[in-house]
Amino acid sequence: MSSALLQAGDDSAKVSPERTQQLWQQIAPYFQPGPEFQGDLGDFKTPLKFYDGRPVKSKADWQKRRQEILKTWHTMMGEWPPVNEHPQVETLKEEHKEGYTQYTVRFDIAPGHPNTGYLLIPDGAKPDHSLPAVLVVYYEPETGVGLKGKDRDFARALAKRGFVTFSVGHDYSLYYPNREKAEIQPLSALAYGAANAFHVLANRKEVDPERIGIVGHSYGGKWAMFASCLYDKFACAAWSDGGIVFDESRPSVNYWEPWYLGYEGPDFRKRGLPTKENPRTGLYKRLVKEGYDLHELHALMAPRPFLVSGGSEDQPKQWRALNHSIAVNDFLGYKNRVAMTNREKHSPNPESNEQIYRFFEYWLMQNQLGQKK
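A brief report on the enclosed structure follows. (Residues numbered from 1 in each chain as written. Predicted model: local features only at pLDDT ≥ 70, side-chain atom pairs only at ≥ 80, totals over all residues. Heavy atoms only, no water.)

Here's the deal with unusual backbone geometry
The residue after tyrosine 176, namely proline 177, is reached through a cis peptide bond having omega 0°. Following alanine 302, the chain continues to proline 303 via a peptide bond in cis, the omega torsion being 0°. Backbone geometry at histidine 129 places phi at a positive 55°, although glycine is not the residue there. Turning to its location among the elements, histidine 129 is positioned in the loop between strand 3 (113-122) and strand 4 (131-138). Histidine 129 sits in the partly exposed class, given a relative accessible area of 41%. Backbone geometry places serine 218, a non-glycine residue, at a positive phi of 60°. Among the secondary structure elements, serine 218 is positioned in the loop between strand 6 (207-217) and helix 8 (219-230). (Helix = DSSP H or I, 4+ residues; strand = E, 2+ residues; numbered from the N terminus. Buried < 20%, exposed > 50% of the residue type's maximum accessible area, 1.4 Å probe, protein only.)

Take a look at the structure:
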């Protein structure tokens, strides 16, 4: 969807049945595991049982089970402070680009933690809360707007397609209230920061707050995954090769590091794979010992759609974990809510980016969120 279409003011084109059908035909293959993984649940424990072993038998049961998962993980990772639904946003700079205006803004990503990002508003946007939006997270906000790196300019590309976007970064992790005595595992603190950033978008007069997604790559993929799973106001999400489950055979799926889930104080373990000489620390140690894995968090997305843009770290075998989210969606009566694409290398490329953009265009610009398919 181009910003030129928005300028034309043709609202009917934004929800054209032909465009919707075309997009669905393009992305439908993402929602089907290969034949070798169909129905394969691996060794993961089903989210459709309570922790005490009772089966989930009804939709009301699922809501209770969902709250059990959410409460358990928040308790283990550290409870969030209240999300700031009305963050103060200071505009530092305004610059018109091709097809959109870029605002440099400052807001508090967490109490006492000011943060600077880039807010992109497409040309022709109106103050009628009609546009979808996407939050883009990474190490620094410059990457998302094309000022750094290659094939990682998600915010710029989506703005040129008619989305309001907000590119936010945080260098390595977020320690709340500080690194010396962090009260929340840093990856959960990042998710909390994304929840606050969500409201920077939601409070914009151009944005429909019911149609806000989130995307990130690698570190940003982990960040986007935890944010969307833990904060259900995100309507959908794309996670690019962050490592969607624990896997100690892949050094980059490094949830054990203290800046993710291995924090237990300011004296960090030596970086690298857990070994006898360099053991697991912090919450990660407990999660592995007690048999938790991240597919439980994926299940919290249901029935919200999500896409795993997989590379070297999220290979097709991870359908075994994703099949559990498919099962939850099936139980709730929803189809085609869990997707994965695959590429050989970790870095995103033009093809994988186009897959992400089509995913967001279908679910948010064409607004298929209420469809059960």
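So, the packing of helix 4 (residues 59-77) against helix 9 (residues 282-289)
At a closest axis distance of 10 Å, the pairing of helix 4 and helix 9 adopts a crossing angle of 140°. With respect to helix 9, the element helix 4 is oriented oblique. For the pair helix 4 and helix 9, contact is made by Trp73, Met76 and Met77 and by Leu283, Arg286 and Leu287, respectively. Tallied by class, the residues present in the contact of helix 4 with helix 9 amount to 5 nonpolar, no polar and 1 charged. (Axes fitted to C-alpha atoms, helices over the stretch in contact; angles between N-to-C directions. Parallel < 35°, antiparallel > 145°, perpendicular 65-115°, else oblique. Contact = heavy atoms within 4.5 Å. Nonpolar A, V, L, I, M, F, W, Y, C, P; charged D, E, K, R; others polar.)

Points about the nonpolar core
Ranked by size, the top nonpolar core spans 87 residues in total, and within it Leu135, Phe166, Phe226, Trp239 and Tyr255 carry the most contacts. Ranked by the residues each element gives to this core, the list is headed by helix 7 (residues 186-202), at 12 residues. (Core = buried A, V, L, I, M, F, W, Y, C linked by side-chain atoms within 4.5 Å.)

Regarding the pairing of strand 3
Of all 10 residues that make up strand 3, 8 are buried, and the element is covered over most of its length. As paired elements, strand 2 (residues 100-110) and strand 3 share 10 bridges and run antiparallel to each other. Paired with valine 105 across the bridge in strand 3 is glycine 117. Following strand 2, the chain reverses through 2 residues before pairing antiparallel with strand 3; glycine 112 in that reversal takes a positive phi of roughly 80°. In terms of strand pairing, strand 3 meets strand 5 (residues 164-169) through 3 bridges, oriented antiparallel. Each bridged residue has a counterpart across the sheet, and for leucine 120 the counterpart in strand 5 is threonine 165. (Pairing = 2+ DSSP bridges.)

Focus on the sheet that holds strand 5
Spatial ordering of the open sheet is given by 1-2-3-5-4-6-7-8-9, a layout of 9 strands whose pairing is mixed. The two strands at the open ends of the sheet, each matched to only one other strand, are strand 1 (90-97) and strand 9 (338-342). This sheet shows a mean twist of 20° between the axes of neighbouring strands, independent of strand direction. Strands in contact with helix 7 are strand 2, strand 3, strand 4, strand 5 and strand 6; relative to strand 2, the strand with the most contacts, it is inclined by about 140°. Sheet strands in contact with helix 11 (residues 319-332) are strand 8 (306-310) and strand 9, and its direction is about 155° off that of strand 9.

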